[in-house]
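# Coordinate inspection notes
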Amino acid sequence: MRETFNFSAGPATLPEAVLQQAAAEMLDWHGCGHSVMEMSHRGKQYISIHEQAEADLRELMSIPENYKVLFLQGGATLQFSALAMNLMRENRQADYIHTGQWCKKAIAAAKQFGTVNIAASSEEDGYNHVPAPETWLLQKDASYVHICLDETIGGVEYFFTPHTGDVPLVSDISSTFLSRPIDVSQYGMLYGGAQKNIGPAGLTIVIVRDDLLGHALPGTPQPLDYKANADADSMLNTPPTFAVYVAGLVFQWLKQQGGLSGIEKLNQEKAALLYSAIDESSFYSNPVAVQNRSRMNVPFTLADAALDAEFLKGAEAQRLIQLKGHRSVGGMRASIYNAMPVQGVQRLVEYMQAFEKSHG
Ligand SMILES: *Cc1c(COP(=O)(O)O)cnc(C)c1O
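Residues numbered from 1 in each chain as written. Predicted model: local features only at pLDDT ≥ 70, side-chain atom pairs only at ≥ 80, totals over all residues. Heavy atoms only, no water.

Near the ligand the following residues occur: G75, A76, T77, F80, W102, C148, D150, T152, D172, S174, Q195 and K196. In the environment of the ligand, an oxygen atom lies 2.4 Å from a nitrogen or oxygen atom belonging to the side chain of T152. Here an oxygen atom of the ligand sits 2.6 Å away from a polar atom, N or O, in the side chain of K196. Examining the composition of the shell around the ligand, we find that four residues originate from one element, helix α3 (residues 75-87), more than from any other. Counted by class, the shell around the ligand contains four nonpolar, five polar and three charged residues. (Near = heavy atom within 4 Å. Polar contact = N/O pair within 3.5 Å; in protein donor to acceptor, adjacent residues only side chain to side chain. Helix = DSSP H or I, 4+ residues; strand = E, 2+ residues; numbered from the N terminus. Nonpolar A, V, L, I, M, F, W, Y, C, P; charged D, E, K, R; others polar.)

So, about the pattern of salt bridges. When the charged atoms of two side chains lie near each other, side chains of opposite charge can form a pair. Throughout the structure, instances matching the rule amount to 10 salt bridges. D56 serves as the salt-bridge partner of K255, at 2.7 Å between the closest nitrogen and oxygen. Note that K255 is positioned in helix α6 (residues 241-256) and D56 in helix α2 (residues 44-61), a separation of 199 residues in sequence. In this structure, K104 and E123 form a salt bridge, with 2.5 Å as the shortest nitrogen-oxygen distance. Of the two residues, K104 is situated in helix α4 (residues 101-110) and E123 in the loop between β4 (115-121) and β5 (145-148); the sequence distance between them amounts to 19 residues. Judged by its relative accessible area of 39%, K104 falls in the partly exposed class. (Salt bridge = Lys/Arg side-chain N within 4 Å of Asp/Glu carboxyl O. Buried < 20%, exposed > 50% of the residue type's maximum accessible area, 1.4 Å probe, protein only.)

Turning our attention to unusual backbone geometry. Residue P11 follows G10 across a cis peptide bond; omega there is -10 degrees. Secondary-structure assignment places P11 in the loop between β1 (5-6) and α1 (16-24). Of note, R92 is a non-glycine position whose phi angle comes to about 50 degrees, a positive value. With relative accessibility at 33%, the residue R92 sits in the partly exposed group. Phi at Q322 takes a positive value of approximately 60 degrees, unusual for a residue other than glycine. With respect to the helices and strands, Q322 occurs in the loop between β13 (320-321) and β14 (332-335). A relative accessible area of 44% places Q322 in the partly exposed class.

Given below as structure tokens:
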């Protein structure tokens, strides 16, 4: 096993078995004599990789047949604009639930294309919770309702599915993608970048219900038009072939872990370990409402911020890396995605306890 545990929020740690397989196949994929990176995206070898990845993702998430799966580029950030261009209807009104820094960016992007109604916000409370759904001021004629199921920076996650009636529910799931089962049929669209919990940077996945396709705003560039991408099976132009391949290996690895309910159990165990270490100490704290604490991204602060640098240095000496919090909030953040072994979290907790003893 690798000795370093990487708590980066993204690009993030990947399963060691997947990296080993990719390494073994790097020069010569399945005896074809060249690497996946060198394959034509129109050739039958790459197409088989692409189709298998989509089939495995559909199986893992139980994606209904009336949903398209798109393998795109440009990151979740480009989707902030693309989803508005594809989903805004005549009145160009959309509802957003504002729970953090990624929502803020999604809102700013959507404002270029229509009117954004902030139906609920936790901004004034420092993004420490998800506003209760009965307080949301939703509009009946909104084109869609946008949420972010897991705010990667604040560490705020939904553990319920909001009901938005006939208005399609849209979620950024970049950092909670494949960490637990999600009922796809409750959403009009789900999207996220791969580099948090799925694979290398460069791949962005969109899952969209097919009745929402075909209404992109006039002037939408073709590579951003979901229908054009769906019609071309995500091959409108060159897809991020190597990233799709590695994501496909991760999907197979996840199936070996018992699928999403199997990995969810491990994720619950890891999160419980870390949050109870934080709660049992008077030295560390996490500001998020207990019912919204992210299982994937755990921000925490030390009682004395002057010790931050020393904490990080000591952690690195123990090969616990990338624990520094996002530059906008400071403190620490441990991202404990699917590929983080339980042992990595145990090592972190032991280090935190030892540090508290000597500095607390
Ligand atoms: C990382 C992240 C993004 C931005 O992703 P890019 O791929 O860098 O555009 C957006 N939303 C969430 C929730 C994220 O975690």
